[in-house]
Amino acid sequence: MKPRVLVVDDAIFMRKMITDILVGHGMEVVGEADTGSSAVEKYAELKPDLVTMDIIMPEMNGIDAVKSIMAADSQAKVVMCSALGQQALVQDALAAGAKDFLIKPFNPSRVIEVVSKILGQVPIM
Amino acid sequence: MSPIKRPSYLRIDALKELGNIGSAHAITGLSELLNKRIDVSITNVDIIPLQIIYTLFNGPESMVSVVYLEGYSEEFRGMMFLIFPNPEAQKMVELATGIEIPSLLPSDEMSLSTLKEIGNIMCGCYLNTMATFIGRKIMHSVPQLSMDMLGSVMDSILVDLSMESDYAIVLETAFSFTKDKCNGFLFFIPTSESIDTIFNAIGVE
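What comes next is a walk through the structure.

Parameters at a glance
- Residues numbered from 1 in each chain as written.
- Chains lettered and ligands numbered in written order.
- Predicted model: local features only at pLDDT ≥ 70, side-chain atom pairs only at ≥ 80, totals over all residues.
- Axes fitted to C-alpha atoms, helices over the stretch in contact; angles between N-to-C directions.
- Helix = DSSP H or I, 4+ residues; strand = E, 2+ residues; numbered from the N terminus.
- Parallel < 35°, antiparallel > 145°, perpendicular 65-115°, else oblique.
- Contact = placed C-beta atoms within 7 Å.
- Nonpolar A, V, L, I, M, F, W, Y, C, P; charged D, E, K, R; others polar.
- Core = buried A, V, L, I, M, F, W, Y, C linked by C-beta atoms within 7 Å.
- Buried ≥ 20, exposed ≤ 12 C-beta atoms within 10 Å, placed from the backbone.
- Expected span 1.5 Å × (residues − 1).

Residues and elements named next belong to chain B. Where helix α2 (residues 86-97) contacts helix α3 (residues 109-134), the axes come no closer than 9 Å and their chain directions differ by 90°. As far as their axial angle goes, α3 and α2 are roughly perpendicular. Within the contact between the two elements, α2 uses Ala-89, Met-92, Val-93, Ala-96 and Thr-97 and α3 uses Met-110, Ser-111, Thr-114, Leu-115 and Ile-118. Residue composition of the contact of α2 with α3, grouped by class: seven nonpolar, three polar and no charged.

So this is what it looks like as structure tokens:
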């Protein structure tokens, strides 16, 4: 069964880029969200195996969204995707419950490596 | 309107170096996103009337796309602008998406999203460098995009941001793609309080 992923980013361009990478490596993108609050709702509705989460978004930022998702499901697997790769922010994201941090711009092999590791899979390159 | 005091030569030099490093990171981010070589043609630091920005283009009536956001932290606030003349903005969208478009339309959500994300990545990389220098976590607002005449865009942005002076310390970076002849300009305009925060953090008197 294909891993089911929820892609969260306020930029359609970036959602498409991440979706293309994941789908091209045998995963299924079951939903997209463009705000933190929408991500929390879609997580509850779709129960995906993994979430890719931007940080700077309207309404609710990605770190607060991770906290809400983790409060509802402590087993949730979230990987942050942001251009703000400052050490303090990475620490905040990991403390909120994120499993890893991808710094934009990223290359496809790095995305697959991180996502596969979190899902406990052998990466399909 | 309070005039800004001109910093010492040493401070200008420190700001210039900070601008150079920040720009290098921003350009690297863009280069990785587009998988293209990008050359930095100018990095400059100065106190200028903001209207001088117009002279870098063909006057206030030239059509541009401007991505802008506010970086903020404790005792730190600065605006970032990424400006592309419109033919270049269209080229940037085509380079990033790999799809040719007949023209850049404000109604084309994918093109707007692409330009915002380019701004997001470049400004994010720039602010990461700034965060390392000042030893603080810097967040930024959601990127906004305006496509209009340069004068009109800048006037409305500056009013929105309630910039307290017509003058600002501007860290300017101009970059271009050697092969694709595509120019863009990145500006960082910190408030005068933020300049003090930067100098205190890096220990420049």
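Of all hydrophobic cores here, the largest spans 95 residues; its most connected members are Val-51 of chain A together with Met-80 and Met-122 of chain B. Look past the residues within four positions of Met-122 of chain B in its chain and what remains in contact with it is Ala-26, Gly-29, Leu-30, Leu-82 and Leu-186 of chain B.

Moving on, we come to helix α1 (residues 9-34) of chain B. The end-to-end C-alpha distance of α1 of chain B is 37 Å, a good match for the 38 Å that 26 residues give at a rise of 1.5 Å each. With its phi angle positive at about 55°, Asn-35 of chain B sits one or two positions after the end of α1 of chain B.

So, about the interface of chain A and chain B. Every contact between the two is made by 16 residues of chain A and, on the other side, 21 residues of chain B. Residue assignment for the side of chain A that touches chain B shows that the elements contributing at least two residues are α1 (12-23) and α4 (87-96) of chain A. With three residues, the single largest contributor to the side of chain A that touches chain B is α1 of chain A. Considered class by class, the residues forming the side of chain A that touches chain B number twelve nonpolar, two polar and two charged.

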